[in-house]
Amino acid sequence: MHVKKYLLKCLHRLQKGPGYTYKELLLWYCNNTNTHGPKRIICEGPKKKAMWFVLTLLFTSLVCWQWGIFINTYLSWKVSVSLSIGFKNMDFPAVTICNASPFQYTKVKCLLKDLDNLMEAVLERILAPEPGHANANATMALNFTVWNYTPLVLIDERDPHHPVVLDLLGDNYNGSARGRVCNAQGCKVAMRLCSLNGTVCTFQNFTSATQAVTEWYVLQATNIFSQVPRKELKKLGYPAERLILACLFGAEPCNHRNFTSIFYPDYGNCYIFNWGMADKILPSANPGAEFGLKLILDIGQEDYVPYLTSTAGARLMLHEQKSYPFIKDEGIYAMAGTETSIGVMVDKLERKGKPYSQCTMNGSDVPIRNLYSSYNTTYSIQACLRSCFQDHMIQNCSCGHYLYPLPPGEKYCNNQDFPDWAYCYSALRRSVNQRETCISKCRESCSDTKYKMTISMAEWPSESSEDWIFYVLSKERDQRDQSNNSSISRKGIVKLNIYFQEFNYRTIQESPANNIVWLLSNLGGQFGFWMGGSVLCLIEFGEIIIDFLWITIIKLVAFFKSLRQKQAHARYAGPPPTVAELVEAHTNFSFQPDVADPGVYVSGQALPIPGTPPPNYDSLRLQPLDIIESDNEGDAI
């Protein structure tokens, strides 16, 4: 009811028309506003009116300009970074350890037999470029199935305009081409990658033959291992009971059963301590080396794959609980025959979310399918980037790369099923567009924890104590694994000591650089400084704007109402019709009179039309009031 009553009042106000004009409204505002300038415009003389009008217009422009700057700065969503230091008992980080060699050579030797033979022949050709030094019989006995897909070549570029490409193990390698001898100084080793049955090829160049043969061997080993099920690959790696010889956390003993096993394609079997997936997260009792994690590892360097792994040692990484360890990118090496002490400091980073940054809380708003979600780990930008690359690999090459998780229903790349995969993978890895696309789609995590490490190393064990230490460790290992007959030596032993240096932790937190309080303070300060105004002045200005709009609406309604009336009068060219004309206009001309007996009426006389016509009175004609009044005056005279 109240709404209806209010609407009726508005309708009556519209019908009544505006109560005052624009000029009257403007004069009323200048007389009653709390802003200083408009009052002087109407109160002073002509010269001062002009001066105050210019000043008011100038200062109003300055205020609007300053407001635009402040509002634009606020909408840029900049942040400021604050650093705070806290002290509390902290959870011990998750520790991931891997062997530098992903597999034991004694277990994968049968899989890599043909590849190793090819590698030996390649090295023989590189080391003995003259044709007389090469073993032709050994070359004829090689299995070229793998070689034909991705061969190594020598490119002679001594004549830049006519380079010569020589297949290292092909028929065209004769040590001489067009009278030249191709040696290490005159040629460079490259890898030939082809697609579409060899019709489209490209060459991946290297500055060193060592890099070339290593990359080629890793690529061919990837093709072989991608055809082996993951369960079988785990059996080919180093088991936990062989890798972990001794474990001590604070004062509590531990063993390989306290580690969670995962398969990392670059390093084989990796083991995570205090991952927090199934067991309770372990806290650190106190800072210091005596309250950390102590490990003794046997990396078994004598059983490394010779052409696949050229680095000896243990790979380790400290990370948050329930996060996937990307140990190849974020890990560090521990050297064999040394004790590596790692002091840990904690840095916690907290980013502001939208609209200040594009960070994500859990990755649910990232348009990339997380292929590492099967491990039940938290989101990370590394997982997103690798999942994005694998998606592009599947879209462009129709298969997934061996180093990344595989989506359901897809297959890993290999030479038999996907002969062009190496060419496609190389082109995709060099693609700048692919990297930019993945970087634009992936987002950083809003909350992250980094472990800053201080690393020191010393030779271990010392010469005076190595005999008894190796003897005791060998006896303990033999009791657990009787199948291992190799002896422990300095080349295969690694000692780790991981601990908190102190319980101080740093929190790097983002906060809005310009909040709403800052914006309102600056807007009010500029308005008060240049115009002497306040919030009430803004309300007054808003009120006059509303009044202007209300007057405009009323005038528009009145204009359209008068326009409609004019259109109604324009329907008749002359004076309004009489009642008789209106009735005649509606007469039914299709009416036919009854035909009477022809003998009754005189021949030739028209038959009467039944009915009485309406009277034709001039008094019923509608006339304007001024004409009627003039007629009355004439009658009176």
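Our subject is the structure listed above.
Residues numbered from 1 in each chain as written. Predicted model: local features only at pLDDT ≥ 70, side-chain atom pairs only at ≥ 80, totals over all residues. Heavy atoms only, no water.

**Topic: the overall build of the protein**
Working step 1: Scanning the protein from terminus to terminus reveals 20 helices and 18 strands.
Working step 2: Counted over contacts in the protein with a minimum sequence separation of 6, partners at least 24 positions apart contribute 74%. (Helix = DSSP H or I, 4+ residues; strand = E, 2+ residues; numbered from the N terminus. Contact = heavy atoms within 4.5 Å.)

**Things to note about the packing of aromatic side chains**
Working step 1: Evaluated as defined, the whole model comprises 28 aromatic pairs.
Working step 2: Summarising the aromatic geometry, the rings of Phe92 and Phe500 are spaced 6.0 Å apart at their centres and angled 80° between planes, so their arrangement reads as edge-to-face. A residue pair is termed long-range when its members are at least 10 positions apart, and Phe92 in the loop between β1 (79–87) and β2 (94–99) and Phe500 in strand β18 (residues 493–512) qualify at 408 residues.
Working step 3: Note on Phe92: relative accessible area 1%, which makes it buried.
Working step 4: Looking at Phe500, the relative accessible area reads 1%, which means it is buried.
Working step 5: Each ring, one from Phe225 and one from Tyr402, has its centre 6.5 Å from the other, and the planes form 35°; the classification is tilted. Residue Phe225 is located in helix α9 (residues 209–225), and its partner Tyr402 is located in the loop between α13 (381–397) and α14 (421–430); the two are separated by 177 residues in the primary sequence.
Working step 6: The class of Tyr402 is buried, set by a relative accessible area of 4%. (Phe/Tyr/Trp six-rings, centres within 6.5 Å; stacked < 30°, edge-to-face > 60°. Buried < 20%, exposed > 50% of the residue type's maximum accessible area, 1.4 Å probe, protein only.)

**Considerations on the packing of helix α2 (residues 22–32) against helix α3 (residues 36–43)**
To characterise two packed helices, one gives the angle between the axes of the helices and the distance between these axes.
Working step 1: At a closest axis distance of 7 Å, the pairing of α2 and α3 adopts a crossing angle of 120°. Handedness of the crossing formed by α2 with α3: left-handed. Here Leu27, Cys30 and Asn31 of α2 lie close against α3, whose contacting residues are Pro38, Lys39 and Ile42.
Working step 2: Residues belonging to the contact of α2 with α3 are distributed by class as follows: 4 nonpolar, 1 polar and 1 charged. (Axes fitted to C-alpha atoms, helices over the stretch in contact; angles between N-to-C directions. Left-handed = near helix turned anticlockwise from the far one by under 90°. Nonpolar A, V, L, I, M, F, W, Y, C, P; charged D, E, K, R; others polar.)

**Concerning the nonpolar core**
Working step 1: Formed by 64 residues in total, the largest nonpolar core has its most connected members in Phe103, Leu152, Trp216, Tyr217, Phe225 and Trp421.
Working step 2: Here the element with the most residues in this core is α9; it accounts for 8 residues.
Working step 3: In this structure, Phe225 is in contact with Phe103, Val108, Leu111, Leu112, Leu233, Leu308 and Tyr402, ignoring residues within four places of it in sequence.
Working step 4: Counting residues in each nonpolar core, the second largest holds 36 residues, with Ile97, Tyr304, Ile332 and Ile498 among its members. (Core = buried A, V, L, I, M, F, W, Y, C linked by side-chain atoms within 4.5 Å.)

**Quick word on helix α4 (residues 46–75)**
Working step 1: If you check α4, its first and last C-alpha atoms are 43 Å apart, about what 30 residues at 1.5 Å a residue would give, namely 44 Å.
Working step 2: Listed as buried for α4 are Thr56, Val63, Gln66, Phe70 and Tyr74.
Working step 3: In this structure, the buried residues of α4 make contact with α3 and α17 (516–531).
Working step 4: Positioned one or two residues after α4, Trp77 has a phi angle of 55°, which is positive. (Expected span 1.5 Å × (residues − 1).)

**Quick word on unusual backbone geometry**
Working step 1: Residue Pro355 is reached from Lys354 by a cis peptide bond, and omega for that bond is 0°.
Working step 2: Among the secondary structure elements, Pro355 is positioned in the loop between β16 (338–350) and α13.
Working step 3: Cis geometry is found at the peptide bond from Trp460 to Pro461, where omega equals -10°.
Working step 4: Assignment of secondary structure puts Pro461 in the loop between β17 (447–459) and α16 (466–480).
Working step 5: With phi around 60°, Asn376 is a residue other than glycine that occupies positive phi space.
Working step 6: Tracing the chain through its elements places Asn376 in the loop between β16 and α13.
Working step 7: For Asn376, a relative accessible area of 60% puts it in the exposed group.
Working step 8: Positive phi is not limited to glycine here, since Ser398 has a value of about 70°.
Working step 9: By the element assignment, Ser398 lies in the loop between α13 and α14.

**Points about the sheet that holds strand β12 (residues 268–273)**
Working step 1: On the basis of which strands lie adjacent, the open sheet formed by 5 strands has the order β11-β12-β2-β14-β15 and antiparallel pairing. Sheet topology places β11 (259–264) and β15 (332–334) at the edges, where each strand pairs with a single neighbour. In this sheet, neighbouring strand axes are inclined to one another by 30° on average, regardless of whether the strands run parallel or antiparallel.
Working step 2: Looking at chain direction, strand β14 (residues 314–319) and β15 are connected through 3 bridges and run antiparallel. Across the sheet, the residue bridging to Leu316 is Ile332, located in β15. (Pairing = 2+ DSSP bridges.)

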